[in-house]
Amino acid sequence: MKGATFGEVFAVKEFRVLFGSFVLLIAGDVVKMLALSVLVYARTGSAGLSAAAYMAGWLPFIVGGLFLLSLADRVAPRALMIAGEVVRAVTCLVLAYAELPVWALLALVLATGLFSPVFMAARAAMLPEVLPGDAFVLGRSVLNVASASAQIVGLAAGGAFLAVTGPSGGLAVTSALSVVAAVVLRVGLPHRPARVVREAGRVLSGWGDAVRETLRVNRRLVGDRRVRGLLLAQWLPCVCVAGAEAMVVPYLGGEGQAGMVLAAAAGGMAVSEFVVGRFARPELRERLSLPLAVLLGAPWVGFALAPGVGWAAVLAALGAAGLAYQLGLQRRFVDVVPEETRGQAFGLQSAGLMTGQALGAAAVGALGEAAGPGTAIAVAGVAGILVALALTGILRPPALKAEPRPSHAR
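A brief report on the enclosed structure follows. (Residues numbered from 1 in each chain as written. Predicted model: local features only at pLDDT ≥ 70, side-chain atom pairs only at ≥ 80, totals over all residues. Heavy atoms only, no water.)

1. Things to note about the side chain of Gln326
Tracing the sequence through the fold places Gln326 in the loop between α17 (309-321) and α18 (327-336). What makes Gln326 buried here is its relative accessible area of 13%. From its side chain, Gln326 meets the backbone oxygen of Gln234 in a polar contact 3.0 Å long. Excluding anything up to four places from it in sequence, Gln326 contacts Gln234, Cys238 and Gln349. (Helix = DSSP H or I, 4+ residues; strand = E, 2+ residues; numbered from the N terminus. Buried < 20%, exposed > 50% of the residue type's maximum accessible area, 1.4 Å probe, protein only. Polar contact = N/O pair within 3.5 Å; in protein donor to acceptor, adjacent residues only side chain to side chain. Contact = heavy atoms within 4.5 Å.)

Take a look at the structure:
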């Protein structure tokens, strides 16, 4: 299997447009979450409400993922992505300048967030259409590296910007970034018809049909043994590492130190995604899925030895490097998912991942309350190793499974 190159990926105009709009999306979302959290804390003085505001954009993923994802295959992808940017731009302006009470701010974020899985699914499902074959996997690698880099830059620049302009200014910047992204998508992407219309000549007539179709296709996807296995392989190891990362702040007892460790984790992920995507051929990339999934959990076990901030950063970077295991699953996932439900499949993968990470963080957080943060992180690491080993049959590509030796007549 011939591997693609970065030059070939970036030679595709549609990918460059998706890449640019994606970087704007990630950077804007980081600033938005920071600004909203600061705004709520300034009004209420409540750390709990401030944390809830920071996480509010993620909470609706489970609802949108269960009931609305069919729209990702039944509405033209460019229109969906532009709609997502417009919704984000308007929402941020309302949050910044409408002087809403805190409960209304959170309700607005939750309500508009219901459609986030649909917008993200449209983007993810378009990638294998513009980058066929192994180029799709390399394109995912590039976007993952960009995501990690944008998060690091967004956290640093966003914090400094908020100190100067305040939370309303930060939300206005996110709105402006969304407007720019919408223009980039409108000008740079050609129109593509909705996937289901293109494949089967069917459209949905209303919200009720959209919900019923989403439930039907979700059952179909989860009922397929191959799809279900690859979904679990992309979800479960990440649930454990999310729980470990959630304990970094209470473990170090200082936001500055925790920020350094979490930045190291993002850097480890970016380096690993780049190296595996760029230098590993497709066959090797798939062989690496199992050992990298084990690596995802193993370094966190070292927190049982109570490392200081330096070693904690090293361990976090090594653990996050294991996230590149997912690159070896991407081609297989695209191959087993029917094209007419590809958008919903990617949306389901994303919604399950976000929900699982939230549940993992909550579970490890509860353990941290009882046993201490360091112990909870180490237990999360052990759980990650065990989960990866339990998924060996899925993480190991089919071609590597042992075949019976032929018998020869004497």
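2. Things to note about the nonpolar core
Counting residues in each nonpolar core, the largest one holds 89 residues, and the members touching the most others are Leu127, Leu131, Trp300, Tyr325, Phe333 and Leu395. Looking at which element gives the most residues to this core, the answer is helix α9 (residues 134-188), with 11 residues. Residues within four places of Leu127 in sequence aside, it is in contact with Phe15, Leu18, Phe136, Gly139, Arg140 and Leu143. Core analysis: the next-biggest nonpolar cluster, separate from the first, contains 15 residues, Ala35, Leu39, Val40 and Leu171 among them. (Core = buried A, V, L, I, M, F, W, Y, C linked by side-chain atoms within 4.5 Å.)

3. Remarks on the pattern of salt bridges
Under the counting rule described, the total for this entry stands at 13 salt bridges. The salt bridge involving Arg123 is made with Glu85; its shortest N-O contact spans 3.5 Å. In this pair, Arg123 sits in helix α8 (residues 116-130) while Glu85 sits in helix α6 (residues 77-97), placing the two residues 38 residues apart along the sequence. Of the two residues, Arg123 and Glu85, both sit in the buried class. Linked by salt bridges that have partners in common, Asp29, Glu85, Arg88 and Arg123 make up one network. (Salt bridge = Lys/Arg side-chain N within 4 Å of Asp/Glu carboxyl O.)

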